[in-house]
Amino acid sequence: MKRYLIILIYFLILFASFTLKFRPGIEMGKNLLNFTIHMMKVLPFAFILIGLFDVWVPRKTIEEKLGKEAGIKAHITAIILAAPLAGGLYVALPAAALLYEKGASIDVVLTFLGASTLVRIPMMIFEASFMGIKFTLVRLAVALPLVIISSLILSKFLRET
Amino acid sequence: MKALWIITVVLLSVSFIKDRKKTFEALKIAVKRFKKLLTDFALLLIMVSIALTILPPEKIFRLLKGPGLFIGSFLAAIVGSITFIPGFISYPLAGILKEQGVPYTILASFLTTMMMVGILTLHMESNLFNRRFAILRNITCFIIAIITSIIIGIVFGEIP
């Protein structure tokens, strides 16, 4: 209920800004439009992929490959799964939630989330073209192992939930 | 982006040829899962539009150009955590900042938190997992980003 109230107030402010020609408010409206368009280019496709993944990949496969017994191999699988992802956390989070529901262990889910922000191949190429290959590779070489190690540690604190 | 569209269309077609019923099932799941997160996405869009209005790229530009290495890196980590700028804007922005002489350390801190830490997606993350998960993961990723930027600084000779 609180959420709908926030959304309602936001649009009232937006409406008022446009009628009163309040510049920051109009700017905010433009940002909203730009971002909505950007997300709409990603989300429908990402969710179709999530749906396909859900019906075609059996729970048993996920449990075997990404479950508690799969060990470090599961983390590598999670990284490979994350690599072709597009968008940002707003796509990776629903995908990670599906993996978790289907039997992936919590540390593997955490690695998947971390990797989805680091190893996305199209983004890496884009980053390297602006920042240089050395920057991109060093960033990856440092952050990725930290993601895996921290996932293993964090999962101990998240066991009970 | 185009790769995502192509992959989706190809896989959807393959799935449709192989099993029509399963494919409709998949589309139903897609709609159901999207609907469940609809208010989360709406809130995210609202917060992003507010954040981008308060902190537009030009302002971030000025903010990261001024201070020294340590304050700059910390500031960059905070800005990266609270804003949400898609890659096609944030990387070119970082590229310009690099040309202007902003240290790699600061840019690594900015880009890494931008991708890994999501204050604006916190409510969605709590919803999909739980609050504890969301908070612990974001704090951990913030620390990872700081460590990464320090090592970038050492590798690029900015931190002795």
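Residues numbered from 1 in each chain as written. Chains lettered and ligands numbered in written order. Predicted model: local features only at pLDDT ≥ 70, side-chain atom pairs only at ≥ 80, totals over all residues. Heavy atoms only, no water.

Colleague: What should I look at first to understand the pattern of salt bridges in this one?
Modeller: Proximity of charged atoms lets side chains of opposite charge pair with each other. For the coordinates displayed, the defined rule picks out six salt bridges over all chains. Asp54 of chain A is paired through a salt bridge with Lys102 of chain A; the nearest N and O atoms lie 3.3 Å apart. One end of the pair, Asp54 of chain A, is in helix α3 (residues 43-56); the other, Lys102 of chain A, is in the loop between α6 (89-101) and α7 (106-118), and 48 residues separate them in sequence. We classify Lys102 of chain A as buried; its relative accessible area is 9%. Between Arg137 of chain B and Glu125 of chain B there is a salt bridge; the shortest N-O distance is 2.5 Å. One end of the pair, Arg137 of chain B, is in helix α9 (residues 131-155); the other, Glu125 of chain B, is in helix α8 (residues 122-128), with 12 residues separating them in the sequence. For the pair formed by Arg137 of chain B and Glu125 of chain B, the shared burial category is buried. (Salt bridge = Lys/Arg side-chain N within 4 Å of Asp/Glu carboxyl O. Helix = DSSP H or I, 4+ residues; strand = E, 2+ residues; numbered from the N terminus. Buried < 20%, exposed > 50% of the residue type's maximum accessible area, 1.4 Å probe, protein only.)

Colleague: I keep staring at the packing of aromatic side chains and nothing clicks. Help me out?
Modeller: For any pair of aromatic rings, the description rests on two quantities: the centre-to-centre distance and the angle between the ring planes. By the definition in use, this model includes 16 aromatic pairs over all chains. Aromatic side chains Tyr100 of chain A and Phe129 of chain B sit 5.9 Å apart centroid to centroid with 50° between the ring planes, which places their arrangement in the tilted category. On the criterion of chain membership, the pair formed by Tyr100 of chain A in helix α6 and Phe129 of chain B in the loop between α8 and α9 is interchain, its members lying in two chains. Judged by its relative accessible area of 34%, Tyr100 of chain A falls in the partly exposed class. The class of Phe129 of chain B is buried, set by a relative accessible area of 13%. Aromatic pair Phe74 of chain B and Phe142 of chain B: ring centres 6.5 Å apart, planes at 90°, arrangement edge-to-face. In this pair, Phe74 of chain B is assigned in helix α5 (residues 69-82) and Phe142 of chain B in helix α9, connecting sequence segments 68 residues apart. Judged by its relative accessible area of 48%, Phe74 of chain B falls in the partly exposed class. (Phe/Tyr/Trp six-rings, centres within 6.5 Å; stacked < 30°, edge-to-face > 60°.)

The values are spatial; any link to function lies outside them.
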